[in-house]
Amino acid sequence: MAGTVKHADIEVGTEIPERSFPVQRVNLVMYAGASGDFNVIHWNERIAKAVGLPDVIAHGMFTMAQAGRLITDWCGDPAAVVEYGVRFSRPVVVPDDDQGATLTVSGVVEDKRDDGTVVVAITARSGEDKVLSKAQTVVRLA
Amino acid sequence: MPLNRDYVGRQYPADEPYEVSREKIRSFADAIGDDSPLCRNRSAAQAAGYADVVAPPTFLTVLNFRYAASSPVVDPGLGLNYALVVHGEQRFVHHRPVVAGDVLHSVASIEDIRVAGRNELMVTKTEVTDDTGEPIATIYSTIVSRGTAGSTREG
């Protein structure tokens, strides 16, 4: 357990400060390679639009991973996440320009358990869209 | 065409184990922008009490694609049209951290198929164990089969 956030210091209602994660096409290409998910809607604008999407969209699992970084960067240990679940409510549209998309992620502690864990509710937005719902994680703290 | 309900409960074991390497953890961490030394540096991971470098919390999604050829979604009898599929929900329950050197065995199963409006939802569960049979993780995934519920009475 390498985390730097101590269970004793955290209370229900503790907020995890909001962070912004830029998402550009290169990130989706890297994620496709690393995860093995080569679905064309995540890298081919022509096909994405042909199937009715506004543009290339990020892998839902990439968005989930970025939101996970809010938690693991905060607590200092990527292996501290005991449970992590999300619903993919809206796609993250990633245009081919110098900006791409921006994910804005924040969290709040909803429950503190006697076993050294806390339950954190995560909010993730791209522009005005709430891209994850029911996003919740159980994290073991130091 | 609605999905074949007879397939609920069917199991899809991976045909061979998945060997977790340091380099795969590093490249996955790079791809998601996780710069933690615990994903890259064995000494740092060991100083933190882990046997080797640790995987980020969504790492096990790689199993889904590694074993795509034997996954439920390509089972012809199920009747799923992959072009109609979107990812609805995902949940990881980690029984212990995944570290480099782990040899993972996974068995996917179809947990549930149900109607939600005009769509169908299919829940799969993947149980991941190590070489000794110790549980590593349970992964739940819900996919949405768009528009396929139309011809069922449940809809």
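Refer to the structure presented above.
Now for a quick tour of the structure. (Residues numbered from 1 in each chain as written. Chains lettered and ligands numbered in written order. Predicted model: local features only at pLDDT ≥ 70, side-chain atom pairs only at ≥ 80, totals over all residues. Heavy atoms only, no water.)

## Notes on the overall build of chain B
Then, in step 1: When helices and strands are tallied, chain B shows three helices and six strands.
Then, in step 2: Helices and strands appear in chain B in the N-to-C order β-β-α-α-α-β-β-β-β.
Then, in step 3: Overall size of chain B, expressed as C-alpha extent along the three principal axes, is 60 × 30 × 20 Å.
Then, in step 4: Taken over 155 residues, chain B has a buried fraction of 47%.
Then, in step 5: For chain B, contacts bridging at least 24 residues in sequence account for 70% of all contacts bridging at least 6. (Helix = DSSP H or I, 4+ residues; strand = E, 2+ residues; numbered from the N terminus. Buried < 20%, exposed > 50% of the residue type's maximum accessible area, 1.4 Å probe, protein only. Contact = heavy atoms within 4.5 Å.)

## Brief notes about the overall build of chain A
Then, in step 1: When its secondary structure is counted, chain A shows three helices and six strands.
Then, in step 2: Its helices and strands taken in sequence order, chain A reads β-α-α-α-β-β-β-β-β from the N to the C terminus.
Then, in step 3: Along the first, second and third principal axes, the C-alpha set of chain A runs to 50 × 30 × 25 Å.
Then, in step 4: Within chain A, buried positions represent 51% of all 142 residues.
Then, in step 5: Expressed as a percentage of contacts within chain A between residues at least 6 apart in sequence, the contacts between residues at least 24 apart total 68%.
Then, in step 6: Surface accessibility of chain A: about 6400 Å² in total, with carbon and sulfur atoms responsible for 48%. (Areas by Shrake-Rupley, 256 points an atom, 1.4 Å probe, with all protein chains shown as cover.)

## Structural notes on the pattern of salt bridges
Then, in step 1: Applying the stated criterion to the full structure yields 20 salt bridges over all chains.
Then, in step 2: Two residues, Arg90 of chain A and Asp129 of chain A, come together in a salt bridge whose shortest N-O distance is 3.7 Å. Placement of Arg90 of chain A in the loop between β2 (81–88) and β3 (101–112) and of Asp129 of chain A in strand β5 (residues 129–130) is noted, with a sequence separation of 39 residues between them.
Then, in step 3: Taking relative accessible area as the criterion, Asp129 of chain A reaches 29% and is therefore assigned partly exposed.
Then, in step 4: In this structure, the salt-bridge partner of Asp52 of chain B is Arg22 of chain B, at a minimum N-O distance of 2.9 Å. Placement of the pair is Asp52 of chain B in the loop between α2 (42–47) and α3 (61–66) and Arg22 of chain B in helix α1 (residues 22–32), with a sequence separation of 30 residues.
Then, in step 5: Classification of Asp52 of chain B by relative accessible area gives buried; the value is 6%.
Then, in step 6: Each of Arg25, Glu45, Lys49 and Asp55 of chain A takes part in a single network of salt bridges with overlapping partners. (Salt bridge = Lys/Arg side-chain N within 4 Å of Asp/Glu carboxyl O.)

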